[in-house]
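Survey of secondary and tertiary structure
In case you want the letters, here they are:
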Amino acid sequence: MTWILGVRITSLQHALPSASSAQASQLFPSLIDESRTPCSGNGIRYQGDLTCFCHACWSGPDCSVQEDIKTCMVNAESGSPFLFEDYWVAHPEAEVRIKPSYQEGYGWYQPQLERAIRAIHAQVGNAVTDDRHIVIGMGSQQVLTAAFFAVSNASRSPEVDPTKICAETPYYNSYPRTAAWFSSSLFEWSNTTDLEANAASPVIQVMTSPNNPDGSMRNKTVPGAFGIYDHAYYWPHFTPISAAVEYGDEDIAVFTLSKLTGHAGSRIGWGIVKDPKLAEMMQTYIVGDSGYVQENQLRATHLLHHALADQGGLLAYAREHMEHRWKVLHEVVSKSSRLSLQALGQAQLDKWTGTVRSPSPAYAWLHCNESKDQDCHAAMMAGGIIGRPGSAFGADSSFNRLELLMQPAVFETLAAKLELFVNG
Ligand SMILES: Cc1ncc(COP(=O)(O)O)c(C=O)c1O
């Protein structure tokens with residue numbers, strides 16, 4: 001199914017009875033995504049580009065040269081969700097075309113996206129949205145900043161200290177970075193969660209659940225804190241869905257399209273907010289910061305419509321890959337004692353499938369066990385595997401985080417490099 005300004009392309013084709021099939025196919029060429037073809041299946045050439053982006057350990061103008069697995073580098077640093085690339089190559093019908101006449105002028109909030117967000121949560125069963133506001137922003141990064149701004153403004157009076165923002169260690173490295181960038185009298189990062197919130201010293205605790213980097217499920221531990229639940233990974237491909245989250249006035253839930261469909265570059269995230277005053281203040285921040293972008297909202301709406309119509313096919317695809325990755329990781333890491341993986345949470349009933357499932361987190365949080373690998377990140381880098389060091393997450397240097405969201409073929413290369421490392 002393809003949508004053009006909310007109209008399915010199939011119905012448009014049916015609305016062209018007078019056009020010959022040749023004319024029709026010129027207007028609506030059969031949709032095949034050939035981005036992989038010029039790159040030997042080992043990379044992708046993006047629309048309008050002239051060069052191939054080759055998968056790790058492949059090179060050459062058409063990605064046909066296989067590099068030596070012992071010396072080539074695999075980048076597992078970022079968390080850019082290419083996991084879904086194969087799925088979307090197989091589903092070009094979900095593309096979006098936008099007429100140039102479409103919504104000139106400054107952008108505004110698109111209610112059809114809000115409806116699609118509410119519908120996907122209802123279908124998956126991971127969040128209650130009834131009686132709650134949806135605040136849409138340019139990625140969950142902006143929604144989180146809007147929440148920091150709104151919550152710390154709400155607790156503002158002249159004698160109040162800057163609101164402390166904290167998260168248990170290891171924490172997603174973007175939270176302290178945001179607080180440092182703003183260097184604001186409104187909010188500041190706290191390196192500890194050993195805090196107690198009160199009217200003069202307000203606290204925001206961020207619970208990343210499942211957590212980046214270690215996949216653990218988190219709950220509020222700071223008494224009296226305002227809670228921001230970052231649920232970027234609360235989708236069935238990363239964790240069993242035990243219940244729909246349902247927060248009151250003292251908490252906000254934040255989700256992102258990035259880890260649901262892979263379209264991180266489309267920059268769409270959203271907050272589910274019960275308190276109307278907070279929702280309004282978050283919206284004020286977003287309008288003042290960037291305003292609303294029509295194209296990314298339209299793309300997100302179409303992708304969510306596709307996911308809804310696919311009845312979980314996208315999520316099942318991603319889940320199958322994540323489960324395979326964890327099986328392979330456990331096998332590889334168990335081959336020696338050089339590395340250990342984080343313990344995964346208990347298997348539990350996943351309400352989405354009605355089956356008992358184990359978590360399959362987006363990141364491997366590795367510990368280097370040998371004294372020669374005290375700087376785990378540097379040791380693995382020397383073995384051709386680029387991760388993100390434990391220190392970025394408030395942990396020590398014996399930890400290293402590897403992302404597991406790459407294309408399937410890149411994951412297999414990473415697994416081969418890891419096997420060399422553990423046997424080294
Ligand atoms: C826990 C967590 N929250 C938020 C984000 C940011 O997501 P977005 O792409 O929506 O800005 C990420 C990205 O990796 C993340 O891991």
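Every chain is numbered independently, its residues counted from 1 as its sequence is written. Thresholds applied to this predicted model are a pLDDT of at least 70 for local features of residues and 80 or more for the giving and counting of side-chain atom pairs; totals over whole chains, interfaces and linings are not thresholded and use all residues. Side-chain metrics in this entry use all non-hydrogen atoms of the structure; hydrogen atoms and water are not considered.

Focus: a nonpolar patch on the surface
The condition that has to hold: Only residues whose relative accessible area exceeds 30% and that take part in no salt bridge are eligible for patches, with like-charged residues grouped when within 9 Å of each other and nonpolar side chains (Val, Leu, Ile, Met, Phe, Trp, Tyr) grouped when within 5 Å. Exposure was quantified through the Shrake-Rupley algorithm and a 1.4 Å probe, taking into account, for residues, occlusion by the shown protein chains and nothing else. Only one rule defines a salt bridge in this text: a Lys or Arg side-chain nitrogen within 4 Å of an Asp or Glu carboxyl oxygen. Note on conventions: DSSP H or I runs of at least 4 residues are helices, E runs of at least 2 residues are strands, and numbering of each starts at the N terminus. Each residue's exposure class comes from its accessible area (1.4 Å probe, protein chains only) as a fraction of the maximum for that residue type: buried when under 20%, exposed when over 50%, partly exposed otherwise.
Where nonpolar side chains cluster on the molecular surface, the patch consists of Tyr46, Phe53 and Phe82 and spans about 280 Å² of accessible area. Secondary-structure assignment places Phe82 in the loop between β7 (74–75) and α3 (85–89). The partly exposed category is assigned to Phe82, whose relative accessible area is 33%.

Comments concerning the site of the ligand
Note the threshold: When we say a residue is near a molecule or strand, we mean one of its heavy atoms is within 4 Å of it. Polar contact criterion, stated in full: a pair of N or O atoms within 3.5 Å, where within protein one must be able to donate a hydrogen and the other to accept it, and residues adjacent in sequence count only if both atoms are side-chain atoms. A cavity here means a set of points on a 1 Å grid, drawn over the protein atoms and nothing else, where a 1.4 Å probe fits but cannot get out; a pocket is an open set with protein on both sides within 12 Å along at least five of seven lines, and a residue lines either one if it has an atom within 4 Å of a point. Throughout, a molecule is located in a cavity or pocket provided that more than half of its atoms lie within 2 Å of its grid points. The nonpolar class holds Ala, Val, Leu, Ile, Met, Phe, Trp, Tyr, Cys and Pro. Asp, Glu, Lys and Arg form the charged class, and all remaining residues, Gly among them, are polar.
In the vicinity of the ligand there are 15 residues, among which Ser140, Asp230, Tyr233, Thr256 and Ser258 approach most closely. The contact in question runs from an oxygen atom of the ligand to an N or O atom on the side chain of Asn212, over 2.9 Å. The side chain of Thr256 places a nitrogen or oxygen atom 2.6 Å from an oxygen atom of the ligand. Relative to its unbound accessible area of 390 Å², the ligand is 93% covered by the protein chains. More than half of the atoms of the ligand fall within 2 Å of the grid points belonging to the second largest pocket. Listed by contribution, the elements that provide at least two residues to the shell around the ligand are α5 (139–154) and α7 (258–261). No other element matches α5, which puts three residues into the shell around the ligand. The residue inventory of the shell around the ligand, partitioned by class, reads five nonpolar, seven polar and three charged.

Quick notes on the layout of surface pockets
The criterion, for reference: Grid points are joined across faces, edges and corners, and a volume is the space filled by probe spheres set on the points. What fixes the domain bounds is an automatic or database domain assignment.
Estimates place the volume of the largest pocket at around 1000 Å³. Lining the largest pocket we find 35 residues, and of these Asp33, Ser35, Tyr46, Gln47 and Trp88 sit closest to its centre. For the lining of the largest pocket, the elements supplying multiple residues, two or more each, are α3, β8 (96–97) and α9 (294–309). Of all the elements, α3 adds the most residues to the lining of the largest pocket, at three residues. Its residues placed into classes, the lining of the largest pocket shows 16 nonpolar, 11 polar and eight charged. Composition of the lining of the largest pocket by domain shows at least three residues from each of domain 1 (68–89 + 313–422) and domain 2 (111–291). Here the second largest pocket defines a volume of roughly 470 Å³. Around the second largest pocket sit 27 residues that line it, and Gly79, Tyr172, Ser258, Lys259 and Arg267 are the ones nearest its centre. Of all the secondary-structure elements, those providing two or more residues to the lining of the second largest pocket are α5, α6 (174–182) and α7. Element by element, the count of residues in the lining of the second largest pocket is highest for α5, at four residues.

Quick look at the state of the cysteines
Throughout this description, disulfide means a covalent bond between two cysteine sulfur atoms. The condition that has to hold: Cysteine sulfurs are considered disulfide-paired once they come within 2.5 Å of each other.
A full pass over the atoms with the stated rule returns four disulfides. There is a disulfide in this structure between Cys54 and Cys63, and the S-S distance comes to 2.1 Å. Since a negative S-S torsion denotes a left-handed disulfide, the Cys54-Cys63 link at about -85 degrees is left-handed. Judged by relative accessible area, which is 30%, Cys54 ranks as partly exposed.

Quick word on the sheet that holds strand β21 (residues 388–389)
Our working rule: Paired strands, as defined in this entry, are two strands with at least two bridges between them according to DSSP. Any two residues whose heavy atoms approach within 4.5 Å at even a single point are treated as in contact. Every axis corresponds to a line fitted to the C-alpha atoms, with the helix fit spanning only the stretch in contact, and the corresponding angles, defined between N-to-C directions, vary from 0 to 180 degrees.
Read from one edge of the open sheet, four strands run β16-β19-β22-β21, paired in antiparallel fashion. Unpaired on one side and paired on the other, β16 (339–340) and β21 mark the two borders of the sheet. Two elements, β21 and strand β22 (residues 399–403), share two bridges in a ladder whose sense is antiparallel. Along β22, the bridge assignment pairs Arg388 with Arg401. Helix α10 (residues 313–333) contacts β16 and β19 (363–368) of the sheet and is inclined by roughly 10 degrees relative to β19.

Side note on the nonpolar core
Short version of the rule: The definition of a nonpolar core used throughout is a set of buried Ala, Val, Leu, Ile, Met, Phe, Trp, Tyr and Cys residues joined through side-chain atoms within 4.5 Å.
Trp270, Leu339 and Leu414 are the most contacted members of the largest nonpolar core, which has 102 residues in total. At 10 residues, the largest contribution of residues to this core is made by α10. Structurally, this core is a two-domain feature, drawing no fewer than three residues from each of domain 1 (68–89 + 313–422) and domain 2 (111–291). When sequence neighbours within four positions are dropped, the list of residues in contact with Leu414 reads Val74, Ala76, Ile385, Leu402, Glu403, Leu404 and Met406. Membership of the second largest hydrophobic core comes to six residues, among which are Cys166, Ala197, Val222 and Ala225.

Let's talk about the domain arrangement of the protein chain
Using the following cut-off: Once two parts are put together, the accessible area they lose, assessed with a 1.4 Å probe and summed over both, is termed the buried area.
What the domain assignment lists for the protein chain is domain 1 (68–89 + 313–422) and domain 2 (111–291). Each of domain 1 and domain 2 has a C-alpha centre, and the two are 26 Å apart. On the side of domain 2, 26 residues touch domain 1, which itself brings 30 residues to the contact. The contact between domain 1 and domain 2 buries some 2400 Å² in all, and 63% of this surface belongs to carbon and sulfur atoms. Summed over the shared surface of domain 1 and domain 2, the result is zero salt bridges. Linking domain 1 with domain 2 are 12 residue pairs in polar contact (both at pLDDT 80 or more), by the criterion used here. Broken down by secondary-structure element, the contributors of at least two residues to the side of domain 1 that touches domain 2 are α10, β17 (348–350) and β19.

Some remarks on the packing of α5 against helix α8 (residues 276–289)
The condition is simple: Under this scheme an angle from 65 to 115 degrees is roughly perpendicular, one under 35 degrees roughly parallel, and one over 145 degrees roughly antiparallel; angles in between are oblique. Helix crossings are classified by the rotation of the near helix relative to the far one: an anticlockwise turn of less than a right angle makes the crossing left-handed, while a clockwise turn makes it right-handed.
It is the contact of α5 with α8, at a shortest axis distance of 8 Å, that shows an interaxial angle of 125 degrees. In terms of orientation, α5 lies oblique with respect to α8. Like other packed secondary-structure pairs, α5 and α8 cross with a definite hand, here right-handed. The residues of α8 that touch α5, namely those facing Gln142, Val143, Thr145, Ala146, Ala147, Phe149, Ala150, Val151, Asn153 and Ala154, are Leu278, Met281, Met282, Tyr285, Ile286 and Asp289. Looking at the contact of α5 with α8 residue by residue, the classes come out as 12 nonpolar, three polar and one charged.

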